[in-house]
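# Structure at a glance
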Amino acid sequence: MSPWLPILMAVPVVGAVVVALLPKGSDKLAKQVALLVSLLVLVLTGVVAAGFKPSGDRFQFVAEYNWIPSFGVKFGVGVDGVALVLIALSAVLVPIVILASWHDADGVKTADGTLITPKRSVKTYFSLLLVLEAMMIGVFAATDIFLFYVFFEAMLIPMYFMIGSYGGAQRSYAAVKFLLYSLFGGLLMLVAVIGLYFVAGKQTFMFPELVGAIQDPVMQKWLFAGFFIAFAIKAPLWPVHTWLPDAAAQAPAGAAVLLVGVLDKVGTFGMLRFCLELFPDAAKAFTMPIVVLAVISIIYGAIVAIGQTDMKRLIAYTSISHFGFIVLGVFAMSDVAQSGAALYMVNHGFATGALFLAAGFLIARRGSPFISDYGGVQKVAPVLAGFFLVAGLAGLSLPGLSSFVSEFMVMIGTYSSQAHGSGALTVAAIISAVAVILAAVYILWMIQRTMNGPTAEPVKAFKDLNAREVWVLAPLVALIIGFGFFPKPLLDVINPSVQQTLTNVKVPTSTIAEKGTGQ
Amino acid sequence: MPILVLAVLAGGFAIFSVAIAPFTGPKRWNRAKLDAYECGIEPTPQPVGGGRFPLKYMITAMLFIVFDIEIIFLYPWAVSFAPQTDDLGRVLSSGLGLFALVEMLLFIVTVLVAYAYVWRRKGLDWD
Amino acid sequence: MNPAIEAPTIEYGTLAPLLIIFGAACIGVLVEAFAPRYLRKSIHVPLTLLSLAGAFALVLVQTVRGQVSTTPSAMGAIAVDGPSLFIWGIILVLSFVCVLLINDEGHFVASAAAVPGSADEEEAEAHDNGTGHTEVYPLVLFAVGGMLLFPAAHDLLMMFVALEVMSLPLYLLCGLARRRRLLSQEASMKYFLLGAFSSAFFLYGTAMIYGFAGTVSLPGINQAMAAGNALDPLLLIGFAMLGVGLLFKIGAAPFQAWKPDVYQGAPTPITALMASGTLVAAVGAVLRVFWVGLGNLDWEWRPVIWAVAALTMIVGSILAITQTEIKRMLAYSSIAHAGFLLVGVMATYGSAQQNAGSLKAILFYLAVYGIATVGAFAVLTLVRDPGGEAGHLSRWAGLGKRAPLLSGVFAFFLLAFAGIPLTSGFMGKYAIFAAALNSGTQPGDSMGGWMAGLVVVGVVASAVAAFFYVRVIVLMFFSEPAADGPAVAAPSMGTVAVIAVSLLVTVGVGLYPESVLGVANDAASSLFIR
Amino acid sequence: MTTHYLVLSGILFAIGAMGVLIRRNAIVVFMCVELMLNACNLAFVTFSRQVGNLEGQIIAFFVMVVAAAEVVVGLAIIVTIFRTRRSASVDDANLLKY
Amino acid sequence: MSPTLENFGHDPLWITIIKAVMLFAFLMLGILFGVWFERKLISRMQHRYGPNRAGKFGLLQSVADGLKMGLKEDLFPRTVDKVLYLLAPVIMVVPAFLAFSIVPFGPVVNLFGVETPLQLVDLPVAVLFMLAMGAVSVYGVVLAGWSSRSPYALLGGLRSAAQVVSYEIAMGLSFVAIFLFAGTLSTSEIVKAQEQTWFAVLLIPSFLVYVVCMFGEAARIPFDLPEGEGELVGGFQTEYSSSLKFALIMMGEYLHTFTASGIAVTLFLGGWRAPAPISTFWEGANQGWWPVLWFFIKFVLTFCFIVWVRASLPRVRYDQLMSLGWKVLIPVNLAWILLVAAVRNVVVNDQNRTLGIGLGVVIVIAALAIWMRFDTVNQRRKEARKAQVEAEFEELSEEPTAGGFPVPPLDLPHYHGVQHKEIPSGTN
């Protein structure tokens, strides 16, 4: 029993309550408290990460409390490598987001004074953010599937309010769409969760005990479907992706970062952990259709992204493409691909986060998300343009930047995976490689249209990034570049749990993973 | 069955009387005779479909129903309450005894509660 | 000669909660009759609340002392078993908070039968002096008494009587709203006509079953079915009609038509009472009939219940989307919830242990749903237009800005209805679905797939239902407030207490459901007396 | 012999039910409901004879009580609404719609 | 020998028919001569002659009346509801006849060689049957009033319905005490139960209540409000101005009176049993056909009593009538029933004697307390209201100009025979 993970969750909750209960008019104090709390969480996460032994047990920092004995539900938490890096991702992103959305709820004004979003309750926003953080940590840390489900669904609510209350013009539509999609998937998963409980007949929801509990292949398929649909919606995978562009475009930049950067990772995380390990036979049986879907996502996301006129939507579609890569990696059934996928989850969080935030700063200056409204920004705001460029390049997986490692590992792993006969996955890997080219098209084209060229009239009034904004983007860019050259710390943590996963799925592991880390 | 015989007799007589009346009497038409009698004034126009009953009588009707139902319950109670005796006056069974008394007391008190309410709400005041 | 009749025995101790409620109702009538007008309210309110609390205390005492009887009381007419006691507890708590709401609602007419604007009413108004009208209290007590009796009735006659004792005061209560008199009266009439219609069906069903079994006692019917031909047309017709009557009361499709009209027209505190207490009582009765009485006929009826449950969930969820009036919307939501409860009822055909599990789930669901409902309606009473409560959804636009706390609380109740995790509603829904899936898992039960299908229907319905709950939240929080939006009345102590209690329970049970689940488990483990 | 009574009771019940469904005047509807209840009573008494115990007749008593209470409440409601609106037609009660 | 329920239902059909015809004839003759008898009796009480033209002592007066009615024009007012209008008298008469079928006239006798009780029929629920028949005739009254489509008739019908219905409750309650003693609803067995003591003696309060109700139920003076010529012209029968329909209604009412007397005799006055001293001296008094005589004597005496009351008392006001029924008879009756039951319980069952007595005492005290309280409260309230009205009246009459009653000055010219000004009619 280790108290660390519950503490990690409790801190932001307490912080949220404190922020919410601050007296009226103390908006600034609220922001400061929120930032402090999130930094405290970051520190605590660092402590946990430092204490994590990659060579140790799969789940560490395990804590189990009885929660609902009548249902056999426990409050069970613990982290393996993948979960740890994702928790770390959340812990890193939240303070950045808090800093980034410092003025979001104050009523965002453009340079010429038009109000994009009206003044909203500041305390509520930051309190929601902290609640969301607690839930993000919870969802990754949960080892009890019921608890996982609870966080999985409950997470929607703060995000829903953040989009709905603080988002752009179409915010309520986007928020509702987001909530309903996720809720629907979640409910299907609920059925599967219940089914899992009874079919396994073990009177528990604890993940380690349920691994391998379902033997009946038909039942596996049904339950797998229940889980997978939920995760596919969350991830999001084509064809159930349509909520993401709306939600991400309408959400305030900070929320969009958390949405795309962390929340959606729950889907791929869930696939990796639950779909594969609980229902190995079904996972294998469904591999091909899912790979097809993933490839379609990759290509489709990329192509549609090219056609976007709205920056945030564009980034959202690139994310769909990237999520395709992650799913592909997860289901390629090879350790390299899966490690790559897990790594991609983190790197994508940094890269897309940086891109969203940079785009957010840009939009905040002009009040319009449309690419055509910009031009020549780099002349007036070179720092902003620079960050934007790095983030964009990370998005297209330029070698040397973190995304490249993971994307490469996914493709190599998929290419060489023998899981499904020789050719099939190889073909998939080749097709998805096309997306790399497409990625270059959409990212570079966007950068060219916004940053270069003649300076548009309204852009001339742009101020460059202020200190706060620099502090927002700098850590991300540092991480992107750092992990681009030196992903080993992450991979060291990730690899053992991926190996474990594959053992549970009964796929022989190769040693390519070792080679992959040589980057 | 015997009741049926009597009913046939009585009914036959009554229907015969009603049926024969038009034939035995004279017929002298007079408009006034066919109007409703209202002491000689022009009759009040009657609504199509029949007159309406004044509503105040509804309460009486409702009360009647309530108490009639009470009586329905009192009769079997009274009959069973009585001890059974044979022809020589020996008690065969003691009836329902105290229990029934108490229950009926409760029952009557309950009805009286409603009764008191109606009374106080002027349901028992007629003009 | 008359056969000698033995004096029956009555377990006064076991039935004490019932007796207290009915006794207090009678005293209430007397108060209404004899106490001077200015004193009435100050007598009625404590009397009503105390009697409800007293009855609840007695229920507690019975539960805690472990003296839950295992034989029916009052010569087999009433079964005060574990589930009954639990349901009684729920109903008493719910009616207690509803009475608090009623106490705060000053807008009842002087007398149910008074004509608007008539001399009677004006006279009553003149004497009113702002002390409010008090006829409502005894009526509520009578209704609550009926609600207590309804699920505990152990034979169909008692059940019918209880049904009427419960319904008749409610018919009147529906017509008591003073501000929207016509609407209210219309609701009252519709409720009455349809309710009477359905109870006639119930009764005819009872007659048919009596013809088959020669008794109306539920275990007797069960035995007769075991002995005789379970497909006797009398029995089939009987149970079909009985079912119509019962399903009407819980508002299951296709007998749901009355609910929206009545919920909308009735005064809101009364709606709260109906939506919580009546539903609880009626579901209890449904359980008892289908469990104790129908034990041997389950196979024939499961497809029917299946269809009804599915239809109810779908109809409730889909029609709710089209509603523009908040109470109507909640009414349809209540229909959908009735459907979920029926899913639970479906799940009562397994082994004793599984049955206890399903029963526990239903009891738990009833408790949490009832409390959340009362809370939601309590919030409704506070949002006022000049003409009364602001019912139309468009009036709620932007309320989140005007009254963030209130809207937040309301949103929370809505989320509980939608079954979002960390609310009590989710736990309830989970319990029901789990029970349903579990009941299909025993070997040799071909209904397994059907149950799973039903759960999927339920899930889809929940997702659809979530849409309209979320829509209200969108309206409240994401829309700009109208310039002449409704005012939020300063809540009085009672209403605040009601909302606070409901909120606490909804949150508390959502976070730690074991508190209620444990009790429900104890209550359900003994099952119904057969 | 008892079958005839049952058939009669069924017919009465059906008439009542049809009446409730097709008639428009609230009072007529209401009386149809009462007709249904009386059909039930007839069925109870008949079954009581057929089955050979008194329960059915006792039930008939209770049904009468309930029917009476229903009359009291129902008429009060209908009369009130009638006096408010000057119409007892169910169709005129049309305020409650969405 | 006293018949019990087992003695019934064995008669051959022809005996049944004979008995039915006898009963019918008895009632028809009873009506014919009852009307004459009443008119004669009442006239003598009022120092008049009464009918004395048709036949000896006017004996055929009713026959003449009947013939006259038969020969009068049969009117159908335009607006009446034809079917019900015709049906109403029939509905009134037939149940009235039927109610009599359960009245026992005597013990088991030999009728044309068959041993049969002198009673058309007896049922386990005979008294209930009688009450039911009484209730059915109310339909006749109401329908008569309603179908006539005339305000007076309508009002009369309603009033009579309300009244009959009110008194029926008190009447029904007054029987409960009897059943408590007799343990049965069968009339023949109730008669049997009065072997020792008449219930009229044993249960005086019940009897008194019944006597009052009897008048209300039969709508006789002082309770003949439904007809109330003074206020409602003819009440429900306004439009049945002539012909045999009216005759039927009259018959129905007479039959009600007879039924009331018959019930009084049967349930309270020992039925066909010989009055107390006679049977002590003479064993045969309750055998064979003699009881018919006793019954007839009691019956006629009761009828005389009814007529006597009619001759003596004025008609009461409607609200007084209803108040008496609802506010006095019913509660008194209920308390009385409980008291009887309590006493009965103590007498018969030794168990819980003290509790039984205690309950009885409680009932009495509670009833009295409630009663007194009610009465004083009412009394005080009435006095206060009266005083208030009087005060207002005083005030207003002193100042006729100040919006008070329009009291014309007493010195106006036309009071003194001087025509001041011609008011054209119709200008009002």
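Predicted model, so just to flag it, every value in this text is computed and none were measured. (Residues numbered from 1 in each chain as written. Chains lettered and ligands numbered in written order. Predicted model: local features only at pLDDT ≥ 70, side-chain atom pairs only at ≥ 80, totals over all residues. Heavy atoms only, no water.)

A separate point is the overall build of chain A. Within chain A, the secondary structure is distributed over 22 helices and four strands. Taking the principal axes of its C-alpha atoms as reference, chain A extends roughly 65 × 55 × 40 Å. For chain A, with 519 residues in total, the buried portion stands at 66%. Of the contacts formed within chain A by residues at least 6 apart in sequence, a portion of 80% connects residues at least 24 apart. Total accessible area computed for chain A in this model is approximately 16200 Å², and 69% of it derives from carbon and sulfur atoms. (Helix = DSSP H or I, 4+ residues; strand = E, 2+ residues; numbered from the N terminus. Buried < 20%, exposed > 50% of the residue type's maximum accessible area, 1.4 Å probe, protein only. Contact = heavy atoms within 4.5 Å. Areas by Shrake-Rupley, 256 points an atom, 1.4 Å probe, with all protein chains shown as cover.)

Time to look at the nonpolar core. One finds Tyr160(A), Phe178(A), Phe227(A) and Phe331(A) to be the most contacted residues of the largest nonpolar core, which totals 453 residues. Top contributing element to this core by residue count: helix H14 (residues 352–382) of chain C, with 20 residues. Setting aside anything within four residues of it in sequence, one finds Phe227(A) in contact with Ile145(A), Met189(A), Ala192(A), Val193(A), Leu196(A), Phe274(A), Cys275(A) and Phe279(A). (Core = buried A, V, L, I, M, F, W, Y, C linked by side-chain atoms within 4.5 Å.)

Along the polypeptide, Ser198(C) turns up in helix H7 (residues 181–213). Sequence-distant contacts of Ser198(C), that is, excluding residues within four places in its chain, are made with Gly245(C) and Phe248(C).

Under the counting rule described, the total for this entry stands at 13 salt bridges over all chains. Ionic pairing is found between Lys488(A) and Asp492(A), a salt bridge with its closest N-O pair at 2.8 Å. Of the two residues, Lys488(A) and Asp492(A) both sit in helix H21 (residues 488–505), four residues apart, roughly one turn of that helix. We classify Lys488(A) as partly exposed; its relative accessible area is 36%. Overall, the relative accessible area of 30% leaves Asp492(A) in the partly exposed class. The salt bridge involving Lys190(C) is made with Glu186(C); its shortest N-O contact spans 3.5 Å. Linking Lys190(C) with Glu186(C), this pair stays in helix H7, spanning four residues, or about one helical turn. Judged on exposure class, the residue Lys190(C) and its partner Glu186(C) are both buried. (Salt bridge = Lys/Arg side-chain N within 4 Å of Asp/Glu carboxyl O.)

This part is about the layout of surface pockets. Taken as a whole, the second largest pocket spans an internal volume of roughly 2300 Å³. Elements represented by at least two residues in the lining of the second largest pocket include exactly helix H1 (4–21), helix H4 (122–141), helix H5 (145–154) and helix H6 (156–166) of chain A together with helix H15 (399–402), helix H16 (404–418) and helix H19 (493–511) of chain C. Here the lining of the second largest pocket takes eight residues from H4(A), the largest share from any one element. (1 Å grid on protein atoms, 1.4 Å probe; cavity = no way out; pocket = protein on both sides within 12 Å on 5 of 7 lines; lining within 4 Å. Points joined across faces, edges and corners; volume = space filled by probe spheres on them.)

Tallying the contact residues gives nine residues for chain B and 11 residues for chain D. Summed over both partners, the interface of chain B with chain D buries about 900 Å², with 96% contributed by carbon and sulfur atoms. Connecting chain B to chain D are zero residue pairs in polar contact (both at pLDDT 80 or more). In terms of residue class, the side of chain B that touches chain D is built from nine nonpolar, no polar and no charged. (Buried area = accessible area lost by both parts, 1.4 Å probe. Polar contact = N/O pair within 3.5 Å; in protein donor to acceptor, adjacent residues only side chain to side chain. Nonpolar A, V, L, I, M, F, W, Y, C, P; charged D, E, K, R; others polar.)

Moving on, we come to the packing of H14(C) against helix H17 (residues 424–439) of chain C. All names here are of chain C. Two elements in contact, H14 and H17, have axes whose closest approach is 9 Å; the angle formed by their N-to-C orientations is 160°. Viewed along their axes, H14 and H17 adopt a mutual orientation that is roughly antiparallel. Here the hand of the crossing between H14 and H17 comes out left-handed. Along the contact surface, H14 presents Gln354, Ser358, Ala361, Ile362, Phe364, Tyr365 and Val368, while H17 presents Ser424, Met427, Gly428, Lys429, Ala431, Ile432, Ala435, Asn438 and Ser439. Here the contact of H14 with H17 is composed, by residue class, of nine nonpolar, six polar and one charged. (Axes fitted to C-alpha atoms, helices over the stretch in contact; angles between N-to-C directions. Parallel < 35°, antiparallel > 145°, perpendicular 65-115°, else oblique. Left-handed = near helix turned anticlockwise from the far one by under 90°.)

With that settled, the discussion passes to the packing of aromatic side chains. In this structure the tally under the stated criterion is 76 aromatic pairs over all chains. Ring geometry for Phe148(A) against Phe231(A): centres 6.0 Å apart, planes inclined by 65°, an arrangement best described as edge-to-face. Of this pair, Phe148(A) sits in helix H5 while Phe231(A) sits in helix H9 (residues 217–234), placing them 83 residues apart in sequence. Measuring from centroid to centroid gives 4.7 Å for Tyr75(B) and Phe179(E), while their planes differ by 80°, and the two rings are edge-to-face. Of the two residues, Tyr75(B) is situated in helix H3 (residues 56–81) and Phe179(E) in helix H5 (residues 151–182); the pairing between them involves two chains. Put simply, the rings of Phe59(A), Phe148(A), Phe152(A), Phe207(A), Phe224(A), Phe227(A), Phe228(A), Phe231(A), Phe274(A), Phe279(A), Phe286(A) and Phe331(A) pair up and form one aromatic cluster. Between Lys234(A) and the ring centre of Phe152(A), over which it is positioned, the NZ or CZ distance is 4.9 Å. Between the NZ or CZ atom of Arg220(E) and the centre of the ring of Tyr254(E), over which it lies, the distance is 5.9 Å. (Phe/Tyr/Trp six-rings, centres within 6.5 Å; stacked < 30°, edge-to-face > 60°. Lys NZ or Arg CZ within 6 Å of the ring centre and 35° of its normal.)

Taken residue by residue, chain A gives an average pLDDT of 80. The fraction at 70 or more is 93%. Mean pLDDT across the secondary structure elements of chain A bottoms out at helix H22 (residues 512–516) of chain A, with 44, and peaks at H5(A), with 87. (pLDDT = per-residue confidence, 0-100.)

Our next topic: the environment of Met18(D). With respect to the secondary-structure elements, Met18(D) resides in helix H1 (residues 2–22). Sequence separation of Met18(D) and Val29(D) is 11 residues, and the distance between their C-alpha atoms is 9.4 Å.

Residue and element names in this part refer to chain C. Looking at the element boundaries, Asp104 is found in helix H3 (residues 82–104). Note: C-alpha distance between Asp104 and Pro138 (34 residues apart in sequence) is 16 Å. Other than its neighbours up to four places away in sequence, Asp104 contacts Ser492, Gly494 and Thr495.

Residue and element names in this part refer to chain A. Counted residue by residue, strand E2 (residues 73–79) has five buried out of seven residues, so it is predominantly covered. One ladder, built from six bridges, connects strand E1 (residues 60–68) with E2; its direction is antiparallel. Along E2, the bridge assignment pairs Asn66 with Lys74. Linkage of E1 to E2, two consecutive antiparallel strands, is achieved through a turn of four residues, within which Gly72 is found at a positive phi near 75°. (Pairing = 2+ DSSP bridges.)

Next up on the list: the pairing of strand E1 (residues 106–111) of chain E. Residue and element names in this part refer to chain E. For E1, the buried fraction is high: five of the six residues fall into the buried class. Sheet topology places E1 next to strand E2 (residues 114–118); five bridges connect them, and they run antiparallel. Counted as the bridge partner of Asn110 is Glu115 from E2.

Attention shifts here to the environment of Met251(E). Structurally, the position occupied by Met251(E) is in helix H10 (residues 243–268). In this structure the C-alpha to C-alpha distance between Met251(E) and Ala162(E), which are 89 residues apart in sequence, comes to 21 Å. Not counting chain neighbours up to four residues away, the residues in contact with Met251(E) comprise Phe13(B), Met28(E), Ile31(E) and Phe97(E).

This part takes up the confidence of the model for chain D. Predicted coordinates in areas of low pLDDT are best not read in detail. Residues and elements named next belong to chain D. Looking at chain D as a whole, its pLDDT mean stands at 82, while 85% of the residues score no less than 70. For chain D, the element scoring lowest by mean pLDDT is helix H3 (residues 55–85), at 83; helix H2 (residues 26–51) scores highest, at 89. Listed scores for the predicted complex are pTM 0.85 and ipTM 0.81.

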